[in-house]
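Geometric and topological summary
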Amino acid sequence: MTTQTNSQVQIEHQPTQEQLQSLDVFNWSIWTKSVSEFPWTYDDAETCYFLEGEVTVTPDGGEPVSMGKGDLVTFPAGMSCTWKITKAVRKHYSFG
């Protein structure tokens, strides 16, 4: 398991099943989105676990960060960014 952090986005590549279960990830809601590009601002922190897909998220004024299937990702509250989905996304997510 490796963790990648830029100044805003934290990504854990291939977290363990135990870690996912301790966070109760598999009971979180599921969000899906087809290939697209759109701006987004996080009112609350979001943690998500990608079941499918590939995305590049570029924080406003920051460096692009790539993520996808098998990644556990945390976005901070207040971050504005652009999502570029290159492979349709299906993810569990939790705010707060």
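Please refer to the structure higher up on the page.
Calculation notes
Residues numbered from 1 in each chain as written. Predicted model: local features only at pLDDT ≥ 70, side-chain atom pairs only at ≥ 80, totals over all residues. Heavy atoms only, no water. Phe/Tyr/Trp six-rings, centres within 6.5 Å; stacked < 30°, edge-to-face > 60°. Helix = DSSP H or I, 4+ residues; strand = E, 2+ residues; numbered from the N terminus. Buried < 20%, exposed > 50% of the residue type's maximum accessible area, 1.4 Å probe, protein only. Lys NZ or Arg CZ within 6 Å of the ring centre and 35° of its normal. Polar contact = N/O pair within 3.5 Å; in protein donor to acceptor, adjacent residues only side chain to side chain. Contact = heavy atoms within 4.5 Å.

Focus: the packing of aromatic side chains
- Applying the stated criterion across every chain, the model contains 9 aromatic pairs.
- Here the aromatic rings of Phe 38 and Trp 83 are separated by 6.0 Å at their centres, their planes lie at 15°, and the arrangement is stacked. In this pair, Phe 38 sits in strand E4 (residues 36-41) while Trp 83 sits in strand E8 (residues 80-95), placing the two residues 45 residues apart along the sequence. As far as the burial class goes, Phe 38 and Trp 83 line up, both buried.
- Ring centres of Trp 40 and Tyr 42 lie 6.3 Å apart, and the angle between their planes is 75°; on these two criteria the pair is classed as edge-to-face.
- Following the ring pairs from residue to residue traces out a cluster consisting of Trp 31, Phe 38, Trp 40, Tyr 42, Phe 50, Phe 75 and Trp 83.
- Directly above the aromatic system of Phe 38 lies the positively charged group of Lys 33, at a separation of 5.4 Å from the ring centroid.

Focus: the side chain of His 92
- Here His 92 shows up in strand E8.
- Here the side chain of His 92 touches Val 25 through a polar contact of 3.4 Å, landing on its backbone oxygen.
- Within the structure, His 92 has its side chain in polar contact with the backbone oxygen of Trp 28 (distance 3.1 Å).
- Not counting residues up to four positions away in its chain, the partners in contact with His 92 are Val 25, Phe 26, Trp 28, Ser 29, Ile 30, Thr 47, Cys 48, Tyr 49 and Leu 51.

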